[in-house]
Amino acid sequence: MIAEKFALELNMLPPDFYAHETTVIARALLGRILVHETSRGTVAGRIVETEAYLTDDPACHAYGGKKTPRTAVMFGPPGTAYIYLVYGMHHCFNVVTGPEGTGEAVLIRALEPVYGIELMRVNRNQSSLHNLCSGPGKLVSAMGITQALNGWALIEPTLYLADSSVGAEEFSAVITTRIGISKGADLPLRFYIKDSPFISRK
DNA sequence: GTGATGATTTAA
DNA sequence: TAAATCATCACT
């Protein structure tokens, strides 16, 4: 566990990090750091759980390459943020993947809190470390991410992905079916860090 | 215009 | 186990 032991030494992920197929990126995002620099402070978390959504996958908002106003950013360049409202009350944060025009993304499902934990507690109105970022809606709230950041290029402050020596230690990735969907529910497109206590569910 | 549908969270 | 809550999208 690495929470709050951070003399933050971050290297922002370069644009070519996103030049791979979606499932590869979903796996490669594990262990990386999501950073948000806000006016109320900086927050950061280590990605411990992701899900891939593919263009030929019925659970994907852009299934079959269908472009709508909501999904437009999924067809933009890879490495941008796709943020949308679910269930009328929570937001989900995704990283757009695939070549421009493809319509794929990786949902970030859980983070291990790393920096700015007190601000996360305020944002979430929740004290338990394990309940701060252990779900896609929770982490958006904890990180202070809003829909205004939809379409943000994640290679620019104030919202970006990074590498760090901290949290980059060896781990095993587990692959399972995805959570909370009915269509495409049998596809092995969920990735998480084995034994992490910060994932959304076993 | 209308209605069904969620890539969820929380509280009971 | 169920309620909360609303933008989105397809169209009885």
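Refer to the structure above for everything that follows.
*Asks:* Before we move on, could you go through the pattern of salt bridges and cite the residues and values that matter?
*Replies:* Inspection of every chain in the model, using the stated rule, returns seven salt bridges. The residue D163 makes a salt bridge to R32 at a minimum N-O spacing of 2.5 Å. Here D163 is found in strand 8 (residues 159-164), whereas its partner R32 is found in the loop between helix 1 (22-28) and strand 2 (33-38), with 131 residues between them in sequence. We classify D163 as partly exposed; its relative accessible area is 28%.

*Asks:* Can you break down the environment of A162 residue by residue, with the values?
*Replies:* Mapped onto the elements of the fold, A162 is located in strand 8. The buried category is assigned to A162, whose relative accessible area is 0%. Between the C-alpha atom of A162 and that of K202, which follows or precedes it by 40 residues, the distance is 26 Å. Residue contacts for A162: discarding those within four places in its chain leaves L10, N11, M12, L13, R32 and I33.

*Asks:* So what's going on with the nonpolar core? Which residues, and what values?
*Replies:* Ranked by internal contacts, the top residues of the largest apolar core, which has 42 residues, are L29, F93, I108, I145 and L161. Listed in part, the 13 residues of the second largest apolar core include Y53, A62, M74 and C92.

*Asks:* Lay out the protein's contact with DNA strand B with the relevant residues and their values.
*Replies:* The environment of DNA strand B is formed by 19 residues, the closest being Y84, N94, R124, G137 and K138. Backbone sugar and phosphate groups make up 52% of those atoms of DNA strand B lying within 4 Å of the protein. Contact between DNA strand B and Y53: a sugar or linking oxygen at 3.4 Å from a side-chain N or O atom of the residue. H90 is positioned such that a nitrogen or oxygen atom in its side chain is 3.0 Å from a sugar or linking oxygen of DNA strand B. Where the surface near DNA strand B is concerned, the elements lending two or more residues are strand 4 (81-86), strand 5 (90-97), strand 6 (104-115) and helix 3 (136-142).

*Asks:* Requested: an account of the packing of aromatic side chains, with residues and values cited.
*Replies:* The description of an aromatic ring pair rests on the distance of the ring centres and on the angle between the ring planes. What the rule picks out here adds up to two aromatic pairs. Between the aromatic rings of F17 and Y18, the centroid separation amounts to 5.1 Å while the plane-to-plane angle is 85 degrees, which identifies the pairing as edge-to-face. Both residues of the pair, F17 and Y18, count as buried. Its guanidinium or amino end placed over the ring of Y84, R70 lies 5.9 Å from that ring's centre, counting from NZ or CZ. Across the ring face of Y53, the terminal group of R178 is positioned such that the distance to the ring centre comes to 4.6 Å.

Criteria and thresholds
- Residue numbering note: each chain is counted from 1, following its sequence as written.
- Note on labels: chains are lettered from A, ligands numbered from 1, in written order.
- Local features in a predicted model are, by the rule used here, given only for residues with pLDDT of at least 70; side-chain atom pairs are given and counted only at 80 or more, and totals for whole chains, interfaces and linings are based on all residues.
- Processing note: side-chain calculations cover all non-hydrogen atoms of the structure and skip hydrogens and water entirely.
- The term salt bridge refers to a side-chain nitrogen of Lys or Arg lying within 4 Å of a carboxyl oxygen of Asp or Glu.
- The numbering of helices and of strands both runs from the N terminus, where a helix is a DSSP run of H or I of at least 4 residues and a strand a run of E of at least 2.
- To sort residues, take the accessible area from a 1.4 Å probe on protein chains only and compare it with the maximum for the residue type: under 20% means buried, over 50% means exposed, and anything in between is partly exposed.
- Contacts: residue pairs with any heavy atoms within 4.5 Å of one another.
- Side-chain atoms within 4.5 Å link the members of a nonpolar core, which is a set of buried Ala, Val, Leu, Ile, Met, Phe, Trp, Tyr and Cys residues.
- Here, proximity means that at least one heavy atom of the residue falls within 4 Å of the molecule or strand.
- What qualifies as a polar contact is a pair of N or O atoms within 3.5 Å, subject to a donor-acceptor requirement within protein and to the restriction that residues adjacent in sequence count only when both atoms come from side chains.
- Classification of ring pairs uses Phe, Tyr and Trp, with its six-membered ring standing for Trp, and accepts pairs whose centres are within 6.5 Å; under 30 degrees between planes counts as stacked, over 60 as edge-to-face, and the remaining range as tilted.
- The criterion for a charge sitting over a ring is simple: Lys NZ or Arg CZ within 6 Å of the ring centre, and within 35 degrees of the ring normal.

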